[in-house]
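These are the residues of each chain, in order.
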Amino acid sequence: MLFKAPQVRAALAATLSLALLAGCGSRSDSAGGGSGGSKDDTGTRDGRTFLIKPGANATRDMVAAMVQAAPGDTIQFDCGYFELTSSLNLTDTEDVMVKGCGKDKTVLSFKHNNAPEGILGVNVHGLFIQDLTVLDTGGNGIELRGVDHASLRRVRAIWSSNGGRESPTPITAANVFENNARLLNVPCTSPATNPPGSPLGGSTSPDYTVSPKSGRYGIYPVSSENILVEDSESIGASDAGIYVGQTNNAIIRNSRAAFNVFGFEIENVRGGEYDTNLAECNTGGFLIYDLDGLRQYGDSSRMHGNTSRMNNTYNFTSGGFVGNVPAGSGMITLSYDRIDVFNNTFENNNTAGIIHASYELFPEGLGRPVENRIDWYTEGMHIWGNTFRENGNKLPVPGVADLINGDVARLLPVLIGLKNTAACLNPLNFEHCLGSGALGYRGAHIMWDGLLDTWSDCPYPLDANGNKVPADNRGKPLLGSEHPNPECHYNQYKFNPADKKRIVPDWWASCIDDDNVFEGRGARFANFHGLKGLELVIAAATVDPGNPGGLIGNVLTNLTATDLTQLASSYDIKPHQCVTAYGKNLEKLPPVVIAEFKRTGQFDPAPTEAETAKLCGAGKPGTVNFAAAGVNCPTLDQYQLFADAQDPRSAPNGRGTPFSLNSKLFSDYSVKYRQVFIPNGKTATYHDAKEGGAVTGANMTFDFPVGTIIAKTFTFADEAAGTEVPVETRLLIKRVNSKGNVRWMGLPYVWETVDGKRVAKLALGGGTAAVHWKTTDVDSGVTHTGSTPEYLIPHGNQCLSCHSREDGEPGSAPIGLKTRFLNKPYRPESNFVKSAPHAVTGHNQIAWWCSNGLLAGCPTDLGVDPATQIATKLERVPAFNKPGDAGFPAGSNEDIESRARAWLEVNCQHCHNVRGFAASTGMYLDSIRKVDSTYGICKRPTATGREGTDEGRRFHDINPGNLDDSILPFRIGPTATTPAARMPPLARSVVDEEGYALVNQWIRDVITVDETKYPGSSSCGEK
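Residues numbered from 1 in each chain as written. Predicted model: local features only at pLDDT ≥ 70, side-chain atom pairs only at ≥ 80, totals over all residues. Heavy atoms only, no water.

**Student:** How should the packing of aromatic side chains be read in this particular structure?
**Tutor:** The relative placement of two aromatic rings is captured by the distance of their centres and the angle of their planes. In this structure the tally under the stated criterion is 32 aromatic pairs. Three or more aromatic residues link up through ring pairs in this structure, and these residues are Phe 666, Tyr 669, Phe 716, Trp 773 and Tyr 791. Lying over the aromatic face of Tyr 460, Lys 468 brings its terminal NZ or CZ to 5.6 Å of the ring centre. In this structure, Arg 820 is placed above the aromatic ring of Phe 821, and the distance from its NZ or CZ to the ring centre is 5.7 Å. (Phe/Tyr/Trp six-rings, centres within 6.5 Å; stacked < 30°, edge-to-face > 60°. Lys NZ or Arg CZ within 6 Å of the ring centre and 35° of its normal.)

Shown next, in the form of structure tokens:
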């Protein structure tokens, strides 16, 4: 036997607890609502309450609750400390609450969870999380993707001081509640301003020890809308504490972030609001910016009533954009239009209160975007009514490597210090420098890089069909990663067409009103003119990180008066006093409003046990029980799919038809049997990727009728023993509810032996199994031998992580049934087939489906080659491990590239597409698009983190010819062993040796620096 029943007990335990929990569920008559994020909008609590208590059964009970959570349900964690070995994953549901007793009373530790997230919500409409703490996740604390209407109230994400789950002094059940939960309530009195071992000292904090080993983000809503984060907190994130990205309508209010790299981030958000938050002891306090290569760019954020103080912790991240952030930054904006900053307090931030920068500040290959969709500049920033106190008075000193490498982002503090020092040597600035205490190596309260674009004759950008992309009401194109990369930056909306002069103050950098209060030392405002004079600084500098004064003196001694003029900052604030300079001020932005949550009605109540039993028992021998397609039958045989109910490898009943894919998703060397069961009298409808354009059509599958059941059985073969044992069968069933809304349901069934018979039982809770294999691949002929104790049987919600997309039908929609995957003659994937050959065997699958009433709307001429049975007039991807299958000479560059892209598409593209789970990464791996920055060429990662970048040693997703710098091969390879590093995150615990070798060969030997073939390939730079 390849596995034993005890090895899948974890898979079955959660399933067995479903009935118990359902029996304990209670009804609640309370209801809440609100608008604008101003009321306690908690949905409609008219469902069950699943009570989870601390102890050995907590994970089992949590999983059982989450896989059946329905509208109105509450998952209630009791008071106490929980050790959880699974993420709390809510997917494709609505109006669900997760709550505890309070963030100092209910602590969910994910230290031993073999998945990166603590709480993960995906494609949920109405998710309400409150009154709990998430502790020591391997990746993100609370992550929301594709969520519409969510409130996170009184929640905390925290990592144990000095390393999170790797901390030598972790937060545990024994100490978590001691001294009024002191370890959870971290003060900010004195941050560590330098890394451990620094000769400058200041490398420890009495409050908390930061570490790059902590998880990436604390609270992380992304690609969502209508998000409220309130009265919440993040401590210790190695990237951002509270981060809202690529989202529409987001409010972060009354919350705190401390000892993160960045405290708060608004990234590519349309309609964001920071309201009365506290950022302290972070590297940077607040960030409002746009990152390139993503699905949307942001506009319009309000920041008011906040306090940004003492954000001077050294930058302890090991990768990603925030690695560029200089310590001591109260607030940074970059490449984002229309920001109102008012009634805030910025104090004791060592570099500056506000840094207003642009991507022009970054050299090529060192952070400057390689695509032309993004506008590099922040314009329309309005600053009024703020208090600035003691900012910019202790600029951090760069390290030796920073000076040698000339990394401008990390050199920014010394650049500011040099330029401001040079400015104070100008007699015209003596009075200002003396009066404000700005003399010496200092920053300023407000810093601007002084960079703006000029009129460009670049034409208006077009979409994939040659039509103009949409624009906002000010004429700015609404570009995103689904659009082709324009050849140049279009910016004419910023200028008067008659005289080509900038429209002011609307498209001017910023307006700084006279009612801002500046207290203590430091220049009020400094324009440091970007990189002007930087070459002179590098040429004159002598590296001495222990003596910044000596460095400044050496530079200034070796610069001429002419050089000083080029180098010096300007303290002239008059161009930013807009009423005086331009006759009017910027219009103030309206508050962000979050509409009241309302259910969609797409989800029906669960059927009763009696209804389920009646439908599941309605089957007849030899006939598929389509009547049961609307319910979750307890055992697989009740659907009557196979001639032998004990063996899913036997012949399919009725019109059931086996199919196989050109390139197969890797799942720990399992061998798969796939069948589709379409109800009698119904047909699927043909589609291909050409429909909807080259990009949007990449996800296009056949359209199946309601009642369709798609089965995939995972077996493990031992050719030496002559055995092949089914471990699990997964079903995808297309259903329709009482309101006519369709939805695909994913159901996992685990095979076991009961009273001498093989039975597959419903296992919504998933689990793991110990398996081994000796199997020969039917395409490559390569024999693989191995074993794993951690073969994953996904729970019901994990199915949705891969199968759910914004542009697909709701639920676990099919992803493999695409024209280009099916264009081949059918033959089984296994060498152990237990039934007579099906009629489709040896025939082109699409042609056979079209001819036998399974598929309608087929092209009139498929161009099927009689010898190969390949439809030459239809799209196709090759078998990745069959040289020459792409139609190119075996081993040629074209052959290697086609096959490598086939492997990446089938293994990664279901998430890495513009509407998938990984849409926010900006890396899309369909085989249709160009291999450019959207495919990962010279693209820096968006949210990969320390582990995902090989401890910060890799800087680009794909670096042509450079495997050591490329993140992609690392993440699919043998050294990516942690949940936060390994890709794909599900479905595999070992490495696909053939796929890994092929992708390595492609990056190393085929991809070259060639802008014609691989756009963006020359922009990787030195790192």
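That was the structure; now back to the text.
**Student:** Whenever I open this one, the state of the cysteines confuses me. Can you help?
**Tutor:** Structurally, a disulfide amounts to a covalent bond that connects the sulfur atoms of two cysteines. By the definition in use, this model includes eight disulfides. Covalently, Cys 79 is tied to Cys 101 through a disulfide, its sulfur atoms 2.3 Å apart. Linking Cys 79 and Cys 101, the disulfide has an S-S dihedral of approximately -110° and is accordingly described as left-handed. Note that Cys 79 is positioned in the loop between β2 (74–77) and β3 (80–83) and Cys 101 in the loop between β5 (94–99) and β6 (106–109), a separation of 22 residues in sequence. Assessed through its relative accessible area of 39%, Cys 79 is described here as partly exposed. Bridging Cys 188 to Cys 281, the disulfide has an S-S length of 2.0 Å. Its S-S torsion of approximately 75° makes the covalent link between Cys 188 and Cys 281 right-handed. Of the two residues, Cys 188 sits in the loop between α3 (178–181) and β11 (217–222) while Cys 281 sits in the loop between β19 (278–280) and β20 (284–289), which places them 93 residues apart along the sequence. (Disulfide = S-S within 2.5 Å. Helix = DSSP H or I, 4+ residues; strand = E, 2+ residues; numbered from the N terminus. Buried < 20%, exposed > 50% of the residue type's maximum accessible area, 1.4 Å probe, protein only.)

**Student:** Which parts of the structure should I look at to understand a nonpolar patch on the surface?
**Tutor:** A cluster of nonpolar side chains, namely Phe 430, Leu 434 and Leu 439, defines an oily patch on the protein surface of about 300 Å² accessible area. With respect to the helices and strands, Leu 434 occurs in helix α6 (residues 430–436). (Patch = residues over 30% accessible without salt bridge, like charges linked within 9 Å, V, L, I, M, F, W, Y side chains within 5 Å. Areas by Shrake-Rupley, 256 points an atom, 1.4 Å probe, with all protein chains shown as cover. Salt bridge = Lys/Arg side-chain N within 4 Å of Asp/Glu carboxyl O.)

**Student:** Honestly, empty space enclosed by the protein in this entry has me stumped. Any pointers?
**Tutor:** The gaps left among the atoms become clear once a water-sized probe is rolled over them. Tallied over the full model, the rule gives 11 cavities of 30 Å³ or more. Its volume calculated, the second largest cavity comes out at about 260 Å³. Taken together, 18 residues make up the lining of the second largest cavity; nearest its centre are Lys 664, Tyr 669, Ser 670, Asp 777 and Glu 829. Counting only elements with at least two residues in the lining of the second largest cavity, the list comes to β34 (671–677) and β40 (767–776). Looking at the lining of the second largest cavity, its residues break down into six nonpolar, six polar and six charged. (1 Å grid on protein atoms, 1.4 Å probe; cavity = no way out; pocket = protein on both sides within 12 Å on 5 of 7 lines; lining within 4 Å. Points joined across faces, edges and corners; volume = space filled by probe spheres on them. Nonpolar A, V, L, I, M, F, W, Y, C, P; charged D, E, K, R; others polar.)

**Student:** So what exactly am I meant to see when it comes to the sheet that holds β20 here?
**Tutor:** The strands making up a sheet are joined through hydrogen bonds of the backbone, oriented either antiparallel or parallel. Read across the sheet, 11 strands follow the order β4-β7-β9-β11-β14-β17-β20-β23-β26-β29-β32 without closing on themselves; strand pairing throughout is parallel. Here the strands that pair on one side only, and so sit at the sheet edges, are β4 (88–91) and β32 (523–527). Between one strand axis and the next, the sheet turns through 10° on average, direction left out of account. Where β4 and strand β7 (residues 119–122) come together, four bridges link them in parallel fashion. Its bridge partner being in β7, Thr 91 is matched across the sheet by Val 122. (Pairing = 2+ DSSP bridges. Axes fitted to C-alpha atoms, helices over the stretch in contact; angles between N-to-C directions.)

**Student:** How do you make sense of the nonpolar core when you look at a structure like this?
**Tutor:** Proteins that are soluble and globular tend to have nonpolar side chains buried together. With 88 residues, the main nonpolar core has Phe 77, Leu 90, Ile 129, Met 331, Tyr 639, Leu 641 and Leu 731 as its most contacted residues. With five residues, helix α2 (residues 58–66) is the single largest residue contributor to this core. Among the nonpolar cores identified, the runner-up in size contains 65 residues, and Ile 158, Ile 171, Tyr 208 and Leu 287 belong to it. (Core = buried A, V, L, I, M, F, W, Y, C linked by side-chain atoms within 4.5 Å.)

**Student:** Which parts of the structure should I look at to understand helix α18 (residues 993–1006)?
**Tutor:** The α-helix winds at 3.6 residues per turn, so residues separated by three or four positions along the chain end up facing the same way. With 14 residues, α18 extends 19 Å between its outermost C-alpha atoms, agreeing within 8% with the 20 Å of an ideal straight helix rising 1.5 Å per residue. Every buried residue of α18 is accounted for by Glu 994, Gly 995, Leu 998, Val 999, Asn 1000, Trp 1002, Ile 1003 and Val 1006. Buried residues along α18 sit in contact with β41 (783–793), α15 (893–909) and α17 (967–971). (Expected span 1.5 Å × (residues − 1). Contact = heavy atoms within 4.5 Å.)

**Student:** I would appreciate a short explanation of unusual backbone geometry in the present structure.
**Tutor:** Residues apart from glycine generally show negative phi values, whereas peptide bonds are mostly found in trans. With omega at 0°, the peptide bond leading from Val 504 into Pro 505 counts as cis. Non-glycine residue Asp 136 carries a positive phi angle of around 55°. Turning to its location among the elements, Asp 136 is positioned in the loop between β8 (125–135) and β9 (142–145). We classify Asp 136 as buried; its relative accessible area is 0%. Within the chain, Met 310 stands out as a residue other than glycine whose phi angle is a positive 50°. Structurally, Met 310 can be placed in the loop between β22 (307–309) and β23 (329–334).

**Student:** Looking at this structure, how should I read the packing of α15 against α18?
**Tutor:** When two helices pack together, their arrangement is given by the angle between the helix axes and the distance between those axes. Following both chains from N to C, one finds α15 and α18 inclined at 135°, their axes separated by 9 Å at the closest point. When the axis of α15 is compared with that of α18, the two are oblique. Helix-helix and strand crossings are classified by hand; for α15 and α18 the assignment is left-handed. Here Asn 893, Ile 896, Glu 897, Arg 899, Ala 900, Arg 901, Trp 903 and Leu 904 of α15 lie close against α18, whose contacting residues are Gly 995, Leu 998, Val 999, Gln 1001, Trp 1002 and Val 1006. Here the contact of α15 with α18 is built from residues that sort into eight nonpolar, three polar and three charged. (Parallel < 35°, antiparallel > 145°, perpendicular 65-115°, else oblique. Left-handed = near helix turned anticlockwise from the far one by under 90°.)

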